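One letter stands for each residue in the lines below.
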Amino acid sequence: MSYGLGHHQQKLKNMWSPIQPTPTCVVILFSIHFVLKAEKLLKKNGIGHDVIPVPREISSDCGMAVEFPCLESEKVLELLAAAGLRLAGLYMRVGKDSFQPISAGHLAVNAVN
Amino acid sequence: MSTKPAPIYADNAATSFPKPREVIDAVSAVLGGMSLSPGRSAHRYSLECSRVIFDTREALADFFNCPDSSRIAFTCNVTEALNVGIFGLLGEKLHPGDHVITTALEHNSVMRPLRYLEKTADISISILPVSGDGEVMVSELPRLIRDNTRLIVVNHVSNVTGAVADIEAIGRAKGDAVFLVDAAQSAGVFPIDVARMNIDMLAFTGHKSLLGPTGSGGFYLRPGLGLRPLKMGGTGSNSEAEIQPDFMPDCYEAGTPNTLGIAGLGAGVGFVTRTGLAAIRAHEQRLCRLFLDGLEQMKGITVYGPAGGRERAAVISLKVKGKSESAVAQSLDRDFHIMVRAGLHCAPGAHRTMGTFAEGTVRFSFGYFNTEADVAACLTALAIISKN
Ligand SMILES: Cc1ncc(COP(=O)(O)O)c(C=O)c1O
């Protein structure tokens, strides 16, 4: 089973059992500009991630989202907040096509729609 | 003439030529390499295209010292950016009965919108005067500012005389008014730091000294300052909503953008950054000085604009005694293959202050790719034309 975490997933696969992949989080931002800004920040800080289409289960919006290991979520949220990026939503992937909204404390995250 | 000289382009204030090789390559790589609709679909071409735009936005933000690149929006030129600024303030910060200050050196892309608001929206306008040698008199600003002054619009570098306005001093003295700078002629030659200069909105064009293609440009807008968008429509974001997004950059970028132009602009900014503003400015000012020194030796030529060792851009307006501006420009082109511009240069106010209104001037404008030999050829040609 792959959750589309690209090279990061690959790396983790070697360490983790492929049956229990590392849980991932999906952050929704307000537009592609902020997605690419987030991507740049994660890249700069060496955090594995994937830019993915916003899953239809989360929103019918046609944009992109950023997926990363939940292990890194604290660092990711810190980086995004420091750069002034507002979150439109934060989810944990709980199945191939299923997501659960999670709250990010002071960031007051709301699900899109 | 027996031998045909190579053409000399001395009309860089209209648009720069040539463009750096990397600008041409960037445009062609994008045109030939991917579909051009950014942020609309989730496939790889759309994403790559979004990256091209993102990279240019980040490069411009760095270039103007703006910490948050989402505060840069793209337009198709500085005229559109200035229109967004001036008309977009109406109903936001600017209301009927309010006051605006501008200078006598503005381009029509500022004066026409302002005169329209004066006529239709009861906005009053004061003009910062210009000194004898064409410099905006910043010292007069405090006397012009009123309680209801909401907007100050200043052309950083005159496209007629090359005079440089002290925008840092204006930024210090602006009070509560929105400070809008027209950087059409300055961006890519003179340093612009929106934070240090206290600029609320900076409008720039891509195709002059930023060395990008025509059809590119944009603006920086200070955080917290909102404008009414001039156009609304698809942005690729918030698609489920029938109202225009209220966040930058999307709120001002409805419609599929000029991805090609933006790609080229990014490469242009890259070229300028790598070459260095100081090196570009030093080269252009050396050409300018050479030209001015040569003109000084010539009889029958009147030069307008800042005198002596004043800081200025390589934009030189002149008149040849006894010759019409159009005849001089035509002879330069036809007989000497030298391309310049003659006339009013879209800034009638500037010509009124210099006393060259109606007929205008002959304008030489040198860019980074001009050489000392180009300047020498221009001087030779003028010497011949002025004698005949
Ligand atoms: C000072 C100034 N403002 C505005 C413009 C308009 O530029 P654009 O045609 O790129 O909108 C120009 C150049 O033409 C200019 O020199």
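Residues numbered from 1 in each chain as written. Chains lettered and ligands numbered in written order. Predicted model: local features only at pLDDT ≥ 70, side-chain atom pairs only at ≥ 80, totals over all residues. Heavy atoms only, no water.

Asker: Is there a simple way to think about the overall build of chain A in this case?
Answerer: Within chain A, the secondary structure is distributed over 3 helices and 5 strands. Secondary structure elements of chain A, listed N to C terminal, follow the sequence α-β-α-β-β-α-β-β. Within chain A, buried positions represent 50% of all 113 residues. A separation threshold of at least 6 residues defines the contact pool for chain A, and within that pool the share at least 24 residues apart is 61%. When the accessible surface of chain A is split by element, carbon and sulfur atoms take 54% of a total near 5800 Å². (Helix = DSSP H or I, 4+ residues; strand = E, 2+ residues; numbered from the N terminus. Buried < 20%, exposed > 50% of the residue type's maximum accessible area, 1.4 Å probe, protein only. Contact = heavy atoms within 4.5 Å. Areas by Shrake-Rupley, 256 points an atom, 1.4 Å probe, with all protein chains shown as cover.)

Asker: Teacher, can you tell me more about the state of the cysteines here?
Answerer: Put plainly, a disulfide is one covalent bond tying together the sulfur atoms of two cysteines. For the structure on display, the rule yields 1 disulfide over all chains. A sulfur-sulfur separation of 2.4 Å characterises the disulfide bridge that pairs Cys25 of chain A with Cys70 of chain A. On the S-S bond that ties Cys25 of chain A to Cys70 of chain A, the torsion sits near 120°, and the link is right-handed. With Cys25 of chain A in strand S1 (residues 24–29) and Cys70 of chain A in the loop between strand S3 (64–69) and helix H3 (73–82), this residue pair connects regions lying 45 residues apart in the sequence. Grouping residues by exposure puts Cys25 of chain A and Cys70 of chain A together as buried. The structure places no disulfide on Cys76 of chain B, whose sulfur is separated from the nearest cysteine sulfur, that of Cys346 of chain B, by 15 Å. By relative accessible area, Cys76 of chain B is classed as partly exposed at 36%. In this structure Cys346 of chain B comes out as partly exposed when scored by relative accessible area, which is 32%. (Disulfide = S-S within 2.5 Å.)

Asker: For this particular structure, what's the right way to read the site of the ligand?
Answerer: Residue and element names in this part refer to chain B. As a structural note, the neighbourhood of the ligand is formed by 13 residues, with Thr79, Asp182, Thr205, His207 and Lys208 the closest of them. In the model, an oxygen atom of the ligand is placed 2.7 Å from a nitrogen or oxygen of the Gln185 side chain. Contact between the ligand and Thr205: an oxygen atom at 2.7 Å from a side-chain N or O atom of the residue. With the chains in place, 87% of the 400 Å² that the ligand exposes on its own is no longer accessible. (Near = heavy atom within 4 Å. Polar contact = N/O pair within 3.5 Å; in protein donor to acceptor, adjacent residues only side chain to side chain.)

Asker: For this particular structure, what's the right way to read the pairing of strand S4 (residues 87–95) of chain A?
Answerer: For a regular strand, the rule is simple: side chains alternate between the two faces of the sheet. Residue and element names in this part refer to chain A. Within S4, 7 of the 9 residues are buried, which leaves it mostly tucked inside the rest of the structure. Here S4 pairs with strand S5 (residues 98–101) via 4 bridges, running antiparallel. When the bridges of S5 are listed, Arg93 appears paired with Phe99. (Pairing = 2+ DSSP bridges.)

Asker: For this particular structure, what's the right way to read the sheet that holds strand S10 (residues 315–320) of chain B?
Answerer: In a beta sheet, neighbouring strands are held together by backbone hydrogen bonds and run either parallel or antiparallel to one another. Residues and elements named next belong to chain B. Spatial ordering of the open sheet is given by S9-S10-S13-S12, a layout of 4 strands whose pairing is antiparallel. Both outer strands of the open sheet, strand S9 (301–304) and strand S12 (341–343), are each paired with one neighbouring strand and no more. Sheet twist, expressed as the mean angle between neighbouring strand axes with direction ignored, is 30°. Relative to S10, S9 runs antiparallel, the two sharing 4 bridges. Bridging from a neighbouring strand, Val303 pairs with Leu318 of S10. Contacting S9, S10 and strand S13 (361–365), helix H8 (residues 277–296) runs over the sheet at an angle of about 15° to S10. Sheet strands in contact with helix H11 (residues 372–387) are S9, S10 and S13, and its direction is about 15° off that of S10. (Axes fitted to C-alpha atoms, helices over the stretch in contact; angles between N-to-C directions.)

Asker: Hey, could you run me through the interface of chain B and chain A in this one?
Answerer: Interface size is often expressed as the accessible area that is lost when the parts come together. Chain B puts 21 residues into the contact, and the matching count from chain A is 16 residues. Viewed at the interface, chain A and chain B are joined by 3 salt bridges. Residue Glu58 of chain B pairs with Lys37 of chain A through a salt bridge whose shortest N-O separation is 2.8 Å. Where chain B packs against chain A, one counts 7 residue pairs in polar contact (both at pLDDT 80 or more). (Salt bridge = Lys/Arg side-chain N within 4 Å of Asp/Glu carboxyl O.)

Asker: I keep staring at the environment of Pro191 of chain B and nothing clicks. Help me out?
Answerer: Residues and elements named next belong to chain B. One can find Pro191 in the loop between strand S6 (178–182) and strand S7 (201–205). Owing to a relative accessible area of 37%, Pro191 belongs among the partly exposed residues under this scheme. Separated by 25 residues in the primary sequence, Pro191 and Ser216 place their C-alpha atoms 20 Å from one another. Each residue touching Pro191, except ones within four places of it in the same chain, is listed here: His156, Met197, Leu277 and Arg281.

Asker: Help me understand H3 of chain A in this model?
Answerer: One full turn of an α-helix is made of 3.6 residues, so residues set three or four places apart face in the same direction. All names here are of chain A. Along H3, the residues that are buried comprise Val76, Leu77, Leu79 and Leu80. All buried residues of H3 lie within an arc of 160° about the axis, which places them on one face of the element. What points out from H3, more than 90 degrees from its buried face, is the exposed set Glu74, Glu78 and Ala82. Each element contacted by the buried residues of H3 is listed here: S1, helix H2 (32–44), S3 and S4. Directly after H3, the chain includes Gly84, whose backbone phi takes a positive value near 75°. (Arc of directions from axis to C-beta.)

Asker: Got a minute to help me understand the sheet that holds S1 of chain A in this structure?
Answerer: All names here are of chain A. The 5 strands lie next to each other as S2-S3-S1-S4-S5, forming an open sheet whose pairing is antiparallel. Unpaired on one side and paired on the other, strand S2 (50–53) and S5 mark the two borders of the sheet. Strand-to-strand twist across the sheet, computed as the mean angle between neighbouring axes with direction ignored, equals 35°. As defined by bridge partners, S2 adjoins S3 across 4 bridges and the pair is classed as antiparallel. Within the sheet, the bridge partner assigned to Ile52 lies in S3 and is Ala65. Contacting S1, S2 and S3, H2 runs over the sheet at an angle of about 25° to S3.

Asker: In this structure, what is going on with the packing of helix H2 (residues 44–63) of chain B against helix H7 (residues 259–275) of chain B? I would like to understand it.
Answerer: Residue and element names in this part refer to chain B. Axis separation between H2 and H7 bottoms out at 9 Å; the angle between their running directions is 40°. Our classification of the angle between H2 and H7 gives oblique. The hand of the H2/H7 crossing is left-handed. When H2 is examined against H7, the residues Cys49, Val52, Ile53, Thr56, Ala59, Leu60 and Phe63 are found in contact with a partner set consisting of Thr259, Ile262, Ala263, Leu265, Gly266, Val269, Val272 and Thr273. By residue class, the composition of the contact of H2 with H7 is 11 nonpolar, 4 polar and no charged. (Parallel < 35°, antiparallel > 145°, perpendicular 65-115°, else oblique. Left-handed = near helix turned anticlockwise from the far one by under 90°. Nonpolar A, V, L, I, M, F, W, Y, C, P; charged D, E, K, R; others polar.)

Asker: Would you take a moment to explain the side chain of Thr235 of chain B for this structure?
Answerer: Residue and element names in this part refer to chain B. Here Thr235 shows up in the loop between strand S8 (217–221) and H7. Engagement of the side chain of Thr235 in a polar contact is seen with the side chain of Ser237, the distance being 2.8 Å. For Thr235, the residues in contact, after removing those within four places along its chain, are Arg40, Gln244, Pro245, Asp250, Glu253 and Ala254.

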